[in-house]
Amino acid sequence: MIGESEFIPILKTTMSAAAPTFQINSEDFEPAYMKLFRTGELYHRSREGLKHLKSCKVCPRDCEVDRLNDEWALCKTGRYAWVSSHFPHFGEEDCLRGWNGSGTIFFSMCNLKCVFCQNYDISQHRDGVEARPETLAQMMLELQERGCHNINFVTPEHVVPQILEALPLAVQMGLRLPLVYNTGAYDSLESLRLMDGVVDIYMPDFKYWDEGLSAEYLKAKKYPQAARAVIREMQRQVGDLVFDENGLAKRGVLVRHLVMPDNAEDSRRIMRFLAQEVSPHTYINIMDQYRPAGKVTPNRYHGINRRTTETEQQETVRAAREEGLYRFDTRNPTAHRALVRP
Ligand code: SF4
């Protein structure tokens, strides 16, 4: 763990002079949900959210099962969320983990069925504990007490109503951290609208542009349209990413993209979309850690049964650069904590 004094304020040290000022004063910051809490709207949203469980269309799978009666379908989650683990996470982007970690709550199960999932045990099987609203609120408070800089909901697409149900309790108990919505981007617009004014930082992972690849590898042919629509909606809600004077992200959209084998054109189209249809100031984390996992074997899904090459990773970086996007450089040791324009 690094100490606060060792954490380099990125905006003071590494942003290029030409970069726009994405900075707010931490003393002026208040999590978005506080305003809704004061007006009573947060409680109203939590009640609204539960209605969406009755004939579930909480995500684009539109299963229409009665989750209020604990029925479940593709996401294997009924009335209450399941939490696999919660802890201060130091593997997230520097602007989220800071020096005390990102307060991560990993939800069990996922509404995507990525054949290459590196957390297959968590994402496709029930794991951990059933978290009723009081338990979920208590987890948030515990992470806040441990000094985390934010609450980071991982794989929240199928449990938006359950998160909303727990939030007023957590706020009453003293929660004051920004919320990170860390998603595979297969969300429904209705769910995201419930989160309007609640979430501070959206972190969608835009995986594939192509419908055929999405059908084969994510088991979701409609994924590209859904991802495009929700990322636009996220940008409408929270705008470009802004940081405090210590380089901690406070509000906005941060996009992730995992470089996949033989997928350069797909990646390029995603970069173009972000720059031209979301915002030219979008921050992108181009991730290079793909490795075959989950159901990928030499005999199944052989097209992605290898790691990506340095050339493939650089092609995607080049695409981001050509579109003028901002990029998190996690591999340059001298700029390890830096946000740089490639
Ligand atoms: S949240 Fe689960 S039950 Fe509801 S539509 Fe999505 S996959 Fe189906």
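Throughout, residues of each chain are indexed from 1 in the direction in which the sequence is written. The model is predicted, so local features are restricted to residues of pLDDT at least 70 and side-chain atom pairs to those at 80 or more, both for listing and for counting; the totals for chains, interfaces and linings are taken over all residues.

Caption draft 1: Local environment of the overall build of the protein chain. Under the DSSP-based scheme used, a helix requires at least four consecutive residues in state H or I and a strand at least two consecutive residues in state E, with every element numbered from the N terminus. Scanning the protein chain from terminus to terminus reveals 12 helices and 11 strands. Partly exposed residues are those falling between the two cut-offs: more than 12 but fewer than 20 other C-beta atoms within 10 Å of their own, whereas 20 or more means buried and 12 or fewer means exposed, with C-beta atoms placed from the backbone. Per-residue burial for the protein chain yields a buried fraction of 47% across its 342 residues. With C-beta atoms placed from the backbone, a contact is any residue pair whose C-beta atoms sit within 7 Å. A separation threshold of at least 6 residues defines the contact pool for the protein chain, and within that pool the share at least 24 residues apart is 72%.

Caption draft 2: Layout of helix α7 (residues 160–172). Multiply 1.5 Å by the residue count of a helix minus one, and that product is the helix's expected span. In this model, α7 (13 residues) spans 19 Å end to end at C-alpha, consistent with the 18 Å of a helix rising 1.5 Å per residue. Two axes define the bend at a residue: one fitted to the seven residues ending there, one fitted to the seven starting there, and the bend is the angle between them. The largest bend in α7 comes to about 25 degrees, at A166, with the proline P168 one to four residues further on. Counting buried positions along α7 gives 11 out of 13 residues, so the element sits mostly inside the fold. Here the buried face of α7 lies against α2 (33–39), α3 (41–51), β1 (81–89), α6 (133–145), β4 (151–154) and α8 (189–194). Of the residues flanking the end of α7, it is G174, one or two places downstream, whose phi is positive at about 120 degrees.

Caption draft 3: View of unusual backbone geometry. The backbone of E64 sits at a positive phi, close to 60 degrees, despite the residue not being glycine. When you line up the elements, E64 lands in the loop between α3 and β1. We note that D262 has phi near 50 degrees; this positive angle belongs to a residue other than glycine. Turning to its location among the elements, D262 is positioned in the loop between β8 (249–258) and α11 (264–278). By the C-beta count within 10 Å, which is 13 here, D262 ends up partly exposed.

Caption draft 4: Expanded view of helix α10 (residues 223–238). Helix length check: α10 (16 residues) gives 22 Å between terminal C-alpha atoms against 22 Å at 1.5 Å per residue, within 8%. Inspection of α10 places Y223, P224, A226, A227, V230, I231, M234, Q235, Q237 and V238 among the buried residues, and these make up the whole buried set. Looking straight down α10, one finds that the buried residues subtend no more than 160 degrees of arc, so they occupy a single side. Turned more than 90 degrees from where α10 packs its buried face, Q225 and R236 sit exposed. For α10, the secondary structure elements touched by its buried residues are α8, β6 (201–204), α9 (211–218), β8 and α11. Here the arc refers to the set of directions running from the helix axis out to each C-beta atom.

Caption draft 5: The confidence of the model for the protein chain, seen in detail. Scored between 0 and 100, pLDDT is the confidence that the predictor attaches to each residue. The share of residues in the protein chain with pLDDT of 70 or more is 89%, and the mean pLDDT across the chain is 89. Within the model, the stretch residues 1–20 combines pLDDT values under 50 with 29 contacts to residues more than four positions away or in other chains. A low-confidence stretch, residues 332–342 stays under pLDDT 50, and its non-local contacts, those more than four residues away or across chains, total 24 contacts.

Caption draft 6: Highlighting the nonpolar core. For this entry, the nonpolar core is defined as buried Ala, Val, Leu, Ile, Met, Phe, Trp, Tyr and Cys residues connected by C-beta atoms within 7 Å. F107, F153, L167 and V199 are the most contacted members of the largest nonpolar core, which has 94 residues in total. Contact partners of F153, with chain neighbours within four places excluded, come to I105, F107, I163, L179, V180, Y181 and N182.

Caption draft 7: Broad picture of the packing of α6 against α7. Where α6 meets α7, the axes come as close as 8 Å, and the angle between the chain directions of the two elements is 60 degrees. By the angle class used here, α6 and α7 are oblique. For the pair α6 and α7, the sense of crossing is right-handed. Each of P133, E134, L136, A137, M140 and L141 in α6 lies in contact with α7, whose residues at this interface are Q162, E165, A166, L169 and A170. Think of it as three bins: nonpolar holds Ala, Val, Leu, Ile, Met, Phe, Trp, Tyr, Cys and Pro, charged holds Asp, Glu, Lys and Arg, and polar takes everything else, Gly as well. Looking at the contact of α6 with α7, its residues break down into eight nonpolar, one polar and two charged. A fitted line through C-alpha atoms represents every axis, and for helices the fit uses only the stretch in contact; the resulting angles, taken between N-to-C directions, go from 0 to 180 degrees. For classification purposes, angles smaller than 35 degrees are called roughly parallel, those larger than 145 roughly antiparallel, those between 65 and 115 roughly perpendicular, and all remaining angles oblique. For a crossing to be left-handed, the near helix must be turned anticlockwise from the far one by less than a right angle; the clockwise case is right-handed.

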